[in-house]
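Now for the letters of each chain:
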Amino acid sequence: MAVEMDKEICSRMFRHPNIIWRRKTYFFRKVFRGGLRKIDSINSISASTFEPRWNGFTQFSQQLSANGYVFVENFLVEADYKILKNNWPRTRFFTPVVPNEDHKTSDKGLYCQRGTPGFDTKRNPIVWSLYEMFRSKDFCQDVSELCGDQIDRTPYHLLCQNSFWGSGLAPHRDSHDEETHSKINFIFFVESNGSGWEAGGTGIMRTNSFEDPIFVPQNLNNSCLFYFSESDLFHGFPTMKFGKFRRNVIAHFCAS
Ligand SMILES: [Fe+2]
């Protein structure tokens with residue numbers, strides 16, 4: 001959960017014209033997308049043998065320890081990245097922005113909680129294969145090596161997001177809880193038609209404002225921002241510019 005947000009920033013995000021429109025049409029969008037999913041279920045499905053591979057990122061361990069975050073480009077092997085990009089889930093698999101949403105104004109979906117998918121994996125086998133990659137022993141080992149503390153970690157929450165004109169994320173810290181610790185999150189930017197803040201590049205800040213950011217990612221295609229979720233740093237992005245879109249995956253890892 002997001003904490004320590006600036007109320008004025010949340011209020012501005014809540015009042016963006018495209019977000020107002022999407023909040024007001026939430027029910028219609030939800031029913032329409034549900035109907036499309038039902039139609040989908042009539043069609044047959046073919047099996048997938050996709051086994052995505054990642055490019056090594058453990059060499060950034062010192063950078064992560066020093067800064068609390070690290071940005072990695074060319075995250076997936078190019079051929080596998082193209083397969084994921086070309087098979088990104090259709091809009092019908094995402095929950096529209098809800099009527100009272102004020103600080104995370106993107107569509108979200110394809111959740112996986114502690115290894116249990118909240119969606120039909122056969123309808124989205126490519127994303128499921130990606131999640132299986134995240135859950136694999138080798139990948140989890142690399143995450144632990146990146147963290148540089150010998151603590152074994154596994155993903156406890158995974159999801160996909162679609163962002164568009166007006167989407168934003170108010171700068172915040174992630175909340176703490178009793179059940180999870182030694183947390184690291186990453187945002188895998190799959191595809192965007194822009195760069196930096198105009199297109200949803202989640203930045204790292206010292207405070208809960210967008211002034212004076214520490215880091216703003218520019219390349220939002222096959223790149224990944226890792227950050228220690230329990231650090232003092234804030235993360236977020238201002239409302240996206242007209243005509244821009246962003247597709248991404250978020251992974252939350254904690255000590256297993
Ligand atoms: Fe967050």
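This text goes with the structure placed above it.
These lines cover the structure that appears in this document, whether it is placed above or below. (Residues numbered from 1 in each chain as written. Predicted model: local features only at pLDDT ≥ 70, side-chain atom pairs only at ≥ 80, totals over all residues.)

### Overview of the nonpolar core
Counting residues in hydrophobic clusters, the biggest one holds 41 residues, and the most contacted among them are Phe186, Phe188, Cys224, Leu225 and Phe226. Of all the elements, strand β8 (residues 184-192) adds the most residues to this core, at 6 residues. The residues touching Leu225, leaving out its near neighbours within four places in the chain, are Tyr69, Phe71, Phe186, Ile187, Thr202 and Pro217. In terms of nonpolar packing, the next biggest core, distinct from the first, is built from 9 residues, Met13, Val97, Leu169 and Trp197 among them. (Core = buried A, V, L, I, M, F, W, Y, C linked by C-beta atoms within 7 Å. Buried ≥ 20, exposed ≤ 12 C-beta atoms within 10 Å, placed from the backbone. Helix = DSSP H or I, 4+ residues; strand = E, 2+ residues; numbered from the N terminus. Contact = placed C-beta atoms within 7 Å.)

### Points about the sheet that holds strand β7 (residues 169-174)
Backbone-to-backbone hydrogen bonds join strands into a sheet, with any given pair of strands oriented parallel or antiparallel. If you trace the 4 strands from one edge of the open sheet to the other, you get β1-β7-β11-β9, paired in antiparallel fashion. At either margin of the open sheet sits one strand with a lone partner, and together these are β1 (2-3) and β9 (203-205). Bridge analysis of β7 against strand β11 (residues 234-237) gives 2 bridges, and the strand direction is antiparallel. In the strand pairing of β11, His172 is matched with His235. (Pairing = 2+ DSSP bridges.)

### Some words on the environment of Glu101
Here Glu101 lies in the loop between β3 (94-95) and β4 (107-113). Once the C-alpha coordinates of Glu101 and Asn87 are considered, the two residues, 14 residues apart in sequence, prove to be 28 Å apart.

### Considerations on the pairing of strand β12 (residues 246-255)
Burial runs high along β12: 7 of the 10 residues are buried. When strand β6 (residues 153-163) meets β12, the two strands line up antiparallel, connected through 10 bridges. By the bridge assignment, Cys160 is partnered in β12 with Val249. Relative to β12, β8 is paired through 8 bridges, and the arrangement is antiparallel. Looking at the pairing, Ile184 lines up with Phe253 of β12.

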